[in-house]
Amino acid sequence: MRKPAGQMSKDEVEQELASLSAEIHAANWAYYRFDAPRISDAEYDRLKQRNLDLENLFPDLKRPDSPSDQIGAAPASGFEKITHEVTMLSLGNAFDDADVRDFVEGVRRFLGHEGELAFTAEPKIDGLSLALRYEYGDLIYAATRGDGTTGENVTENAKTIAEIPQKLNNAPEILEVRGEVYMHRDDFTALNLQQEAAGGKRFANPRNAAAGALRQLNAKVTAERPLRFFAYSWGALSTRLAERQSSFIQRLSELGFSVNELTKRCESIEEMLILYDQISKSRADLGYDIDGVVYKVDRLDLQDRLGFRSTTPRWAIAHKFPAETAWTTLDDIDIQVGRTGAMSPVARLKPVTVGGVVVSNATLHNADYIAGRTADGSVIRGGKDFRLGDWVEVYRAGDVIPKLKDVDLSRRSASTQPYVFPKHCPVCGSDALQEPQDSTIRCTGGFICSAQAIEKLKHFVSRQAFDIEGLGAKQVEQFYKDGWIATPADIFAMQKTYGPNSENPLQNREGWGIKSAENLFVGINDKRKISFPRFLFGLGIRHVGEGASRVLARFFESWSAMKDVLIAAQCRSGDAWETLLSIDGIGERAATALVDSLQDPRSRAIIDDLISHLDVETFVRLDQNGSILSGKTIVFTGSLTKMTRAEAKAKAETLGAKVSGSVSAKTDYLVAGDAAGSKRTKAASLGVKILSEDEWLDLAQG
């Protein structure tokens, strides 16, 4: 069994976060870009929840490529892109009754709410998310979720779905309806029979079939597919339609949308759990696939107060159905080297089918996890003592790396030997060392290790970073092996070196032509102007993920300002170092990694070389209605009585303020609640403006 997060050391957490990131990123790519899920929804959700649990336990270990900061995947290149006016976020997950209770109590704590707290509960449809924008009652466009910010324009395809109205009566001036495109099981069966009769390929499941149909470049093909649509939410609105979630759903029904008849308003946790049990037992009879039940705070004013995290709302959660597992044998253990030098063991398994999906690989976390049992069978630091030939339990998964759950010691052969972790990098032969307080064994080769260099470049062009059209992991690996690129800056020099007028033009390479080469150079040039958060994330600095990149960009606003602080903080003391540590959401590990990135001459030269090719945009801070707080640095201290500290921080950030954890001469306001203590004393000595809670609320409300 997996070791509880609360019993793990930092070393163990860091290694597991690394493997989780690889698993979830690969699953996202397969699911959202190719409509071909490689792991079950339940297993995917369990992986994401485990990742979030570990990050909550050790926030400073949050990775640059943290799945917690990711929504979906980038839209495919075959469709026009549409930017969502209101981001389409994903949902947090609950896996048991205790998680649901924790969610409800978390809502109460955030709000400081002790009164009535009702929720709507609805089945979570296993389909494809879609946003429908209406203006003056007319359907203007339909867009997929994409990466949450930008989706695919599938308007003509959506118009072929009978359950999507193209004209609304008595609707607001602007109304964006959100819901799920899905396929009924009977329709799915009939479609597969048609596919077989025509000599075509069968679809794996209704979700794949629905997603593939909606994303056809030819709308006539979509029209031939039996797609359906459930409406359940909204995006941009000119006028609010209701004061409660349950009333809004009713209003959608009145406007002509299909809404799920199992949606119910629940006034207690017990009612929520009873409904979950009822829906779970009736899954087979519904006629369409669901993978859980979604709970949403019913009062919309409370939803507004709760707001959002980086990728999920605080006012909703999905209570998921359990995952499947299976047993198979462990045939071999390989070592993979990542961009930070981490040597990650991967289990090679005898293929086993679980619910129609083939399992062949699994993560083994680290050396301690593999060799984690003593001779008498007792567990050491959460390990399992996995050995070649063992009978192991694995989560349902496919070609991506799933997780091994346990080992059956009763079936172990007496001839097996403990696995010996290598002392040298399998790629470059450099020494493999384990730093103090670090469970990860790392290759010390640095830039001479081709595995690390390639992974750094893959990260740089990844969707969450520079996202260069036409330059993916496969192309990066080939260009590196051929000596065409070695650092990110080399990518932006490719056109000069390998353009059509060069001695060795890209268009002459096998697999490339004039048009594909031209498109790649266009894609590269499009990213010479890059947002500050994407630039930071693309650098691949350890412990600096997407969330941390946004926090840093919001705080410093420009790379030049941030660079000055990082250089000044290299002695790990003084005002610059304290500034880094004071940033809310940036821990000491991330601060150290940031400073190290410019302290190492080789690393600094690579960044400076890259900068010479780029225009890194100054971060534009959210300024809500000209808020006086935009750009101001605020520190909260003491006990607040009219809102919780968490709600106050969230409110400040939505108004464009920087929230800091410590007082300095750069602090604009200290909001002092009861028992403010030393921070109030320091603020007074520095001449920082001190606000009472009421004064803060007046300022925040304009």
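Residues numbered from 1 in each chain as written. Predicted model: local features only at pLDDT ≥ 70, side-chain atom pairs only at ≥ 80, totals over all residues. Heavy atoms only, no water.

Enquirer: Could you give an account of the overall build of the protein chain, naming the residues involved and the relevant values?
Expert: In terms of regular secondary structure, the protein chain is built from 25 helices and 24 strands. With the principal axes as the frame, the protein chain shows a C-alpha extent of 75 × 70 × 70 Å. Considering the protein chain as a whole, with its 702 residues, one finds that 54% of them fall into the buried category. Summed over all atoms, the accessible surface of the protein chain reaches about 30,300 Å², with 48% contributed by carbon and sulfur. (Helix = DSSP H or I, 4+ residues; strand = E, 2+ residues; numbered from the N terminus. Buried < 20%, exposed > 50% of the residue type's maximum accessible area, 1.4 Å probe, protein only. Areas by Shrake-Rupley, 256 points an atom, 1.4 Å probe, with all protein chains shown as cover.)

Enquirer: Tell me about the sheet that holds strand β5 (residues 138–144), and name the residues and values.
Expert: The strand order across the open sheet formed by four strands is β5-β4-β7-β8, and the pairing between neighbours is antiparallel. At either margin of the open sheet sits one strand with a lone partner, and together these are β5 and β8 (228–237). Direction aside, neighbouring strands of the sheet carry axes that sit 25° apart on average. The sheet contacts of helix α6 (residues 206–214) involve β4 (128–135), β5 and β7 (174–182), and relative to β4 the element is tilted by about 40°. Along the sheet face, helix α8 (residues 245–254) touches β7 and β8 and points at about 120° away from the line of β8. (Pairing = 2+ DSSP bridges. Axes fitted to C-alpha atoms, helices over the stretch in contact; angles between N-to-C directions. Contact = heavy atoms within 4.5 Å.)

Enquirer: Explain the sheet that holds strand β22 (residues 658–660) to me, and be specific about the residues and the numbers.
Expert: The strand order β22-β21-β23-β24 describes an open sheet built from four strands, whose pairing is parallel. In this open sheet, the two edge strands, each paired with only one partner strand, are β22 and β24 (689–691). Averaged over neighbouring strand pairs, the angle between their axes works out to 30° when direction is ignored. Here four bridges tie strand β21 (residues 633–637) to strand β23 (residues 669–672), and the two strands are oriented parallel to one another. Residue pairing across strands places Thr637 opposite Ala672, the latter belonging to β23.

Enquirer: Before we move on, can you summarise the packing of aromatic side chains with the specific residues and values?
Expert: Following the criterion strictly, the structure yields 18 aromatic pairs and no others. Judged by centre distance (6.3 Å) and plane angle (90°), the ring pair of Phe460 and Phe492 falls under edge-to-face. Of this pair, Phe460 sits in helix α12 (residues 450–460) while Phe492 sits in helix α14 (residues 488–492), and the two are 32 residues apart along the sequence. What makes Phe492 buried here is its relative accessible area of 3%. (Phe/Tyr/Trp six-rings, centres within 6.5 Å; stacked < 30°, edge-to-face > 60°.)

Enquirer: Help me get a handle on the confidence of the model for the protein chain, residues and values and all.
Expert: Predicted coordinates in areas of low pLDDT are best not read in detail. For the protein chain, per-residue confidence averages 85 on the pLDDT scale, and residues scoring 70 or more make up 90% of the total. Taken element by element, the protein chain is modelled with least confidence in helix α1 (residues 10–34), mean pLDDT 73, and with most confidence in strand β9 (residues 264–266), mean pLDDT 97. Low pLDDT, under 50, characterises residues 373–378; the stretch is placed with 11 contacts to residues that sit more than four places away or in other chains. (pLDDT = per-residue confidence, 0-100.)

Enquirer: Describe in detail the packing of helix α20 (residues 574–582) against helix α21 (residues 588–599), supporting the description with residues and values.
Expert: Relative orientation of the contacting elements α20 and α21 amounts to 130°, with a least axis distance of 9 Å. When the interaxial angle is binned, α20 and α21 end up oblique. At the point where α20 passes α21, the crossing takes the right-handed sense. Contacts between α20 and α21 involve Trp577, Leu580 and Leu581 on the former and, on the latter, Glu588, Ala591, Thr592, Leu594 and Val595. Within the contact of α20 with α21, the residues separate by chemical class into six nonpolar, one polar and one charged. (Parallel < 35°, antiparallel > 145°, perpendicular 65-115°, else oblique. Left-handed = near helix turned anticlockwise from the far one by under 90°. Nonpolar A, V, L, I, M, F, W, Y, C, P; charged D, E, K, R; others polar.)

Enquirer: Before we move on, can you summarise the pattern of salt bridges with the specific residues and values?
Expert: According to the stated counting rule, one finds 39 salt bridges in the structure shown. Its salt-bridge partner being Arg265, residue Glu116 comes within 2.8 Å of it at the nearest N-O pair. On the criterion of sequence distance, the pair formed by Glu116 in the loop between α3 (97–111) and β3 (119–125) and Arg265 in strand β9 is long-range, its members being 149 residues apart. Glu116 sits in the partly exposed class, given a relative accessible area of 43%. On the basis of relative accessible area, Arg265 is assigned to the partly exposed category, the value being 26%. Measuring nitrogen to oxygen at the nearest pair gives 2.4 Å for the salt bridge that ties Asp596 to Arg572. One end of the pair, Asp596, is in helix α21; the other, Arg572, is in the loop between α19 (559–568) and α20, with 24 residues separating them in the sequence. (Salt bridge = Lys/Arg side-chain N within 4 Å of Asp/Glu carboxyl O.)

Enquirer: Please provide a residue-by-residue account of the packing of α3 against helix α9 (residues 269–281), values included.
Expert: Helix packing geometry: the angle between the two helix axes and the distance between the axes. Their axes nearest at 11 Å, the elements α3 and α9 cross at an angle of 140°. Between α3 and α9 lies a crossing whose hand is right-handed. Listed contacts from α9 to Asp97, Val100, Arg101 and Val104 of α3 are Ile269, Glu270, Met272 and Leu273. Of the residues that constitute the contact of α3 with α9, the class distribution is five nonpolar, no polar and three charged.

Enquirer: Break down helix α5 (residues 185–197) for me, citing the residues and quoting the values.
Expert: Under the 1.5 Å per step criterion, the end-to-end length of α5 is 18 Å for 13 residues, consistent within 8% with the ideal 18 Å. Buried residues of α5: Phe188, Leu191, Asn192 and Gln195, and no others. The buried residues of α5 occupy one face: seen down the axis, they fall within an arc of 100°. Those residues of α5 that are exposed and angled more than 90 degrees off the buried face are Asp186, Leu193, Gln194 and Ala197. (Expected span 1.5 Å × (residues − 1). Arc of directions from axis to C-beta.)

Enquirer: Give a description of the pairing of β23 that names residues and reports values.
Expert: Across the two faces of β23 the burial is the same, with Tyr669 and Val671 and Leu670 and Ala672 all buried. In the sheet, β23 pairs with β24 via three bridges, with the strands oriented parallel. Paired with Tyr669 across the strands is Lys689, a residue of β24. In this view, the connection linking β23 to its parallel neighbour β24 by way of helix α24 (residues 678–686) has right-handed handedness. (Right-handed = clockwise from strand over helix to strand, strands pointing away.)

Enquirer: So what's going on with the nonpolar core? Which residues, and what values?
Expert: With 57 residues, the main nonpolar core has Ile491, Phe535 and Leu580 as its most contacted residues. When sequence neighbours within four positions are dropped, the list of residues in contact with Ile491 reads Leu457, Phe460, Val461, Ile468, Leu471, Ile485 and Ile524. Ranked by size, the runner-up nonpolar core spans 37 residues in total, among them Phe188, Phe229, Trp234 and Ala242. (Core = buried A, V, L, I, M, F, W, Y, C linked by side-chain atoms within 4.5 Å.)

Enquirer: Explain the side chain of Glu180 residue by residue, including any values.
Expert: Relative to the helices and strands, Glu180 resides in strand β7. Despite its burial, Glu180 pairs with no opposite charge, the nearest such side chain being Arg145 at 5.5 Å. Of the polar contacts made by the side chain of Glu180, one reaches the side chain of Tyr232; its length is 3.0 Å. When near neighbours in sequence (up to four residues on either side) are disregarded, Glu180 contacts Ile125, Gly127, Leu128, Ser129, Arg228, Phe229, Phe230 and Tyr232. (Lys, Arg positive; Asp, Glu negative; His and termini not counted. Polar contact = N/O pair within 3.5 Å; in protein donor to acceptor, adjacent residues only side chain to side chain.)

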